[in-house]
Amino acid sequence: MVQFDTLPDAESPSAPSSVNGDKKKRSSSKMGRDKDRSASKKRGNTSDPNMLSVSIPTANGDNAYAERRSSVSKPARDFRDMPEPSPKKKRKRKTAPTTAVIPVVTAPTPTTPDIESSTRSPSPVIDFDGLSRPSRGTRERLEESDAQKEERLARMKGAVRTLLECVGEDPDREGLLATPERYAKAMLFFTKGYQENVRDIVNGAIFQEGHNEMVIVKDIEVFSMCEHHLVPFTGKMHIGYIPANAVIGISKLPRIAELFARRLQIQERLTKEVANAIMDVLQPQGVAVVMESSHLCMVMRGVEKTSSSTITSCVLGCFERKEKTRNEFLSLIGVNRR
């Protein structure tokens, strides 16, 4: 009689099925994890690079994903302050040769030169007529008559009186009787840069001297108004440039800084505007501007950090390309000193 040995559990016919079952379970769990990863990647990737994916817990314990637009995705400058886009060049299409056509001769029509397009500055901060950041309000204030000036002052005085009433003061008491007019005139002075022209300030003070070494005017006192809270920020600005044979009168550099500071500003934009204006007017090899200031909107309110200061810089041309030139400028103005 033939006897068959019994196989152990690992070698029994039922063993492969249990092993296959374990493999299927592991593969299914792995596929589930892969699906979760791909779903999370899809939630994280959006078509807009400025959109952020934010998880929000729901009532049932799951996480819902919402999209939030970044606050720094677009520039703070008004769209009217941006230069007009350059017209795109049209590509000429190749056409098949056709039969001879008799040309029709017509009288030439007189054309007027496009003054704006031919003289407009490539700089984003200077318009074709030398004004910086032109807008409808800037034009109206620049070209208004004496009667319109009086009307503007009267409206500002009324607005200041309303502010005094809203803060709980009596605008008719002795100390505040002339405050609305004083404040209105002071605000017009603080923002007089809106009416000034870059080319009028330079006034042809550019001289061909064949000089190509660094020129620096440092410790220029700057007073400006924060456009977010309408309170001052003050500090010092250092301006340096390397001429391309032509130099500018050294007094013009502080005047250009004053022009852009006498308007509602933020320090980052002010630094960039001064550098771009000098680069546009003088066409040097490079321009570097560094500004250090204290903001009363951060000192008197908010975090109230009285000893803090803000430093911004803008480097163009050779200062941006050459680290050695940039470090020389920073050491000369004292930023690299320890």
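Residues numbered from 1 in each chain as written. Predicted model: local features only at pLDDT ≥ 70, side-chain atom pairs only at ≥ 80, totals over all residues. Heavy atoms only, no water.

> Any chance you could explain the overall build of the protein here in plain terms?
Scanning the protein for helices and strands turns up eleven helices and nine strands. Evaluated residue by residue, the protein yields a buried proportion of 30% over its 338 residues. A sequence separation of at least 24 residues applies to 64% of the contacts in the protein between residues at least 6 apart. (Helix = DSSP H or I, 4+ residues; strand = E, 2+ residues; numbered from the N terminus. Buried < 20%, exposed > 50% of the residue type's maximum accessible area, 1.4 Å probe, protein only. Contact = heavy atoms within 4.5 Å.)

> What exactly am I supposed to notice about the packing of helix H4 (residues 146–166) against helix H5 (residues 179–190) here?
Two measures define how a pair of helices packs: the angle their axes make with one another and the distance between the axes. Where H4 meets H5, the axes come as close as 8 Å, and the angle between the chain directions of the two elements is 120 degrees. It follows that H4 is oblique to H5 by the angle criterion. In the packing of H4 onto H5, the handedness of the crossing is right-handed. Between H4 and H5, the contacting residues are Arg152, Leu153, Met156, Lys157, Val160, Arg161 and Leu164 on the first element and Thr179, Pro180, Glu181, Tyr183, Ala184, Lys185, Met187 and Leu188 on the second. Residues belonging to the contact of H4 with H5 are distributed by class as follows: nine nonpolar, one polar and five charged. (Axes fitted to C-alpha atoms, helices over the stretch in contact; angles between N-to-C directions. Parallel < 35°, antiparallel > 145°, perpendicular 65-115°, else oblique. Left-handed = near helix turned anticlockwise from the far one by under 90°. Nonpolar A, V, L, I, M, F, W, Y, C, P; charged D, E, K, R; others polar.)

> Looking at this model, I keep getting lost on the environment of Met300. Mind explaining?
If you trace the backbone, Met300 turns up in the loop between helix H9 (296–299) and strand S9 (310–317). Once the C-alpha coordinates of Met300 and Val231 are considered, the two residues, 69 residues apart in sequence, prove to be 9.6 Å apart.

> Is there a simple way to think about the pattern of salt bridges in this case?
Side chains bearing opposite charge may pair, as long as their charged atoms lie close to each other. Within this structure, the stated rule accounts for seven salt bridges. Measuring nitrogen to oxygen at the nearest pair gives 2.9 Å for the salt bridge that ties Arg173 to Glu169. Judged by relative accessible area, which is 34%, Glu169 ranks as partly exposed. For the salt bridge of Glu181 with Lys185, the shortest nitrogen-to-oxygen distance reads 3.1 Å. Of this pair, Glu181 and Lys185 both sit in helix H5, four residues apart, which is roughly one turn of that helix. (Salt bridge = Lys/Arg side-chain N within 4 Å of Asp/Glu carboxyl O.)

> Whenever I open this one, the pairing of strand S3 (residues 206–211) confuses me. Can you help?
Side-chain direction in a regular strand flips from residue to residue, so the side chains alternate between the two faces of the sheet. In terms of burial, S3 is a largely surface element, zero of the six residues being buried. Relative to strand S6 (residues 245–248), S3 runs antiparallel, the two sharing four bridges. Bridging across to S6, Phe207 finds its partner in Val247. (Pairing = 2+ DSSP bridges.)

> For this particular structure, what's the right way to read the packing of helix H7 (residues 252–261) against helix H8 (residues 267–282)?
At a minimum axis separation of 9 Å, H7 and H8 run at an interaxial angle of 135 degrees. Taken together, the axis directions place H7 and H8 in an arrangement best described as oblique. Here H7 and H8 pass one another in a crossing that is right-handed. The residues of H8 that touch H7, namely those facing Leu253, Ile256, Ala257, Phe260 and Ala261, are Leu270, Glu273, Val274, Ala277 and Ile278. Taken together, the residues that form the contact of H7 with H8 break down as nine nonpolar, no polar and one charged.

> Would you explain the sheet that holds strand S7 (residues 264–265) in this entry?
Strand order across the open sheet formed by five strands is S7-S4-S5-S8-S9, with mixed pairing between neighbours. The sheet terminates laterally at S7 and S9, the two strands that pair on one side only.

> What is the right way to read H4 from this model?
The terminal C-alpha atoms of H4, which comprises 21 residues, lie 31 Å apart, in line with the 30 Å expected from a rise of 1.5 Å per residue. Taken together, the buried positions of H4 are occupied by Leu153, Val160 and Leu164. Down the axis of H4, the sector holding all buried residues measures 45 degrees, keeping them to one side. Exposed side chains of H4 directed beyond 90 degrees from the buried face belong to Ala147, Arg155 and Cys166. Where H4 is buried, its residues touch H5. Gly168 sits one or two positions beyond H4 and adopts a positive phi of about 100 degrees. (Expected span 1.5 Å × (residues − 1). Arc of directions from axis to C-beta.)

> What should I look at first to understand the state of the cysteines in this one?
What makes a disulfide is a covalent bond joining the sulfur atoms belonging to two cysteines. Across all of its chains, the model carries zero disulfides by this definition. Cys226 provides the cysteine sulfur closest to Cys297, a residue in no disulfide bond, and the two sulfurs are 4.0 Å apart. (Disulfide = S-S within 2.5 Å.)

> Looking at this model, I keep getting lost on the confidence of the model for the protein. Mind explaining?
If pLDDT is low for a region, its predicted coordinates should not be looked at in detail. Averaged over all residues, the pLDDT of the protein equals 76, while 59% of them reach at least 70. Mean pLDDT values over the elements of the protein span from 35, in helix H2 (residues 115–119), up to 96, in strand S5 (residues 232–242). Every residue in residues 6–16 is under pLDDT 50, and counting partners more than four places away or in other chains gives three contacts. This stretch, residues 110–122, has a pLDDT under 50; its non-local contacts, to residues over four places away or in other chains, come to 14 contacts. (pLDDT = per-residue confidence, 0-100.)

> Would you explain unusual backbone geometry in this entry?
Phi is mostly negative for residues that are not glycine, and the peptide bonds are mostly trans. Of note in the backbone geometry, Asp219 takes a positive phi value of approximately 60 degrees without being a glycine. Take Asp219: it is sitting in strand S4 (residues 215–226). Owing to a relative accessible area of 39%, Asp219 belongs among the partly exposed residues under this scheme. Its identity as a non-glycine residue notwithstanding, Glu304 has a phi of 55 degrees, on the positive side. Tracing the chain through its elements places Glu304 in the loop between H9 and S9.

> Any chance you could explain the nonpolar core here in plain terms?
Soluble globular proteins tend to bury their nonpolar side chains together. The biggest cluster of nonpolar side chains holds 33 residues, and the ones touching the most others in it are Met237, Ile239, Tyr241, Phe260, Leu270 and Val274. Broken down by secondary-structure element, the contributors of at least two residues to this core are helix H6 (198–202), S4, S5, S6, H7, H8, strand S8 (286–295) and S9. In contact with Met237, other than residues within four places in its own chain, are Val217, Lys218, Asp219, Ile220, Val222, Ala257, Leu270, Val274, Val289, Val290 and Met291. Judged by nonpolar contacts, the second largest core, of nine residues, contains Met214, Ile242, Cys318 and Leu330. (Core = buried A, V, L, I, M, F, W, Y, C linked by side-chain atoms within 4.5 Å.)

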